[in-house]
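Observations on the three-dimensional arrangement
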Amino acid sequence: MMDRSGMMRQEMAEALRGFRLLLTSCRMAGMRDWPAPLTQPDPLPPEIGPAEPPVLSPEREGALAALAGKTVDCRHCRLHSGRLNVVFGEGSPRAKLAFVGEGPGFEEDQQGRPFVGRAGKLLDRMTKSLGLERADVYICNVVKCRPPENRTPSADEIDACSPFLFEQLEILKPRVICALGACAGQTLLASPSPVSRMRGKIHRWRGIPLVCTFHPAYLLRTPSQKAAAWQDLLEARRLLHRGDE
Ligand code: SF4
């Protein structure tokens, strides 16, 4: 008769086989859209959500609010001159998973919220595919003000703004960070490597496991890379479950 650990191993092997099949089918189909939420047959264990009540630790809530307050009138770099809103970030301060993107685009600047345009809709689907809702994760960017014409932030702009991001992540202390795109990965890892070289590995940012994947805006332009990004999200999910032992 199979013992409990044997059954767990078998279940994991079956789940893995399911993921591989899904990945293969996504590749074969060109993966025009994102996989359906992974709720069946592999639900998230209750300890990582999405069922946590939105109760905030007063200390963390206060620290995040104070940090957000510092950005509201920030003029540390030239990006302040063209912004309509500072886009600090949003989500659950108890999030186990934090997504970090590059910077706000037009829609984000208009609304003062991260990832609300087309790329944001895709990120929402990516999040749902992990069995999580947007409110279960935390979403922020390297720079908090929109670069003109959505250009990549310059090195001095990143240097000026990244301390806000670092403090934000220090307060949040997510279990896993997912860097979306080159700017986020390079800033967090202090590395000039392209995403293609940063992805596929587990990195660490100040002790927190970090995975890098493509930015959703890039995935909209290059749907052939969605299967690779899905692989990265599965790795992030595995880290949420089990850490990087
Ligand atoms: Fe300040 Fe960051 Fe905005 Fe630059 S991008 S003005 S550093 S909040």
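Below: a short report on this structure. (Residues numbered from 1 in each chain as written. Predicted model: local features only at pLDDT ≥ 70, side-chain atom pairs only at ≥ 80, totals over all residues. Heavy atoms only, no water.)

Here we look at the sheet that holds strand β4 (residues 176–180)
Our working definition: A strand pair is defined by DSSP finding two or more bridges across the two strands. By the criteria applied, helices consist of DSSP H or I runs no shorter than four residues and strands consist of E runs no shorter than two, each listed in order from the N terminus. Throughout, a residue-residue contact means that at least one pair of heavy atoms, one from each residue, lies within 4.5 Å. Every axis corresponds to a line fitted to the C-alpha atoms, with the helix fit spanning only the stretch in contact, and the corresponding angles, defined between N-to-C directions, vary from 0 to 180 degrees.
Strand order in the open sheet formed by six strands is β1-β3-β2-β4-β6-β5, and the pairing between neighbours is mixed. Every other strand in the sheet has two partners, leaving β1 (90–91) and β5 (203–205) as the edge strands with one partner each. Relative to β4, strand β2 (residues 97–101) runs parallel, the two being bridged by four bridges. Its bridge partner being in β4, L97 is matched across the sheet by V176. Sheet strands in contact with helix α9 (residues 226–242) are β2, β4 and β6 (208–213), and its direction is about 170° off that of β6.

Describing empty space enclosed by the protein
Defined as follows: The method works on a 1 Å grid over the protein atoms by themselves. A cavity is a set of points holding a 1.4 Å probe that cannot get out, a pocket is an open set with protein on both sides within 12 Å along at least five of seven lines, and residues with an atom within 4 Å of a point line them. Grid points are joined across faces, edges and corners, and a volume is the space filled by probe spheres set on the points. Just so you know the grouping, Ala, Val, Leu, Ile, Met, Phe, Trp, Tyr, Cys and Pro go in nonpolar, Asp, Glu, Lys and Arg go in charged, and all remaining residues, Gly too, go in polar.
One pass over the structure, following the stated rule, counts one cavity of 30 Å³ or more. Of the voids in this model, the largest cavity is the one considered here, and its volume is about 100 Å³. Lining of the largest cavity is provided by 14 residues; of these, C74, C77, K144, C145 and C161 occupy positions nearest its centre. A class-by-class count of the residues in the lining of the largest cavity yields nine nonpolar, three polar and two charged.

Observations regarding the packing of aromatic side chains
Two aromatic rings are characterised by how far apart their centres lie and by the angle between their planes. What counts, and what does not: The aromatic pairing rule takes the rings of Phe, Tyr and Trp, using the six-membered ring of Trp, and pairs them if the centres are within 6.5 Å, calling planes under 30 degrees apart stacked, those over 60 edge-to-face and the rest tilted. The rule is simple: take the accessible area with a 1.4 Å probe, protein chains only, and divide by the maximum for that residue type; under 20% is buried, over 50% is exposed, in between is partly exposed. Both a distance and an angle decide whether a charge sits over a ring: NZ of Lys or CZ of Arg must be within 6 Å of the ring centre and within 35 degrees of the ring normal.
All chains considered together, the criterion is met by two aromatic pairs. Residues F166 and W205 carry aromatic rings whose centres are separated by 5.8 Å and whose planes lie at 35° to one another, so their mutual orientation is tilted. One end of the pair, F166, is in helix α5 (residues 155–172); the other, W205, is in strand β5, with 39 residues separating them in the sequence. Both residues of the pair, F166 and W205, belong to the buried class. It is K144 that lies over the ring of F88; its NZ or CZ is 5.7 Å from the centre.

Everything listed is a geometric property; what it means functionally is a separate question.
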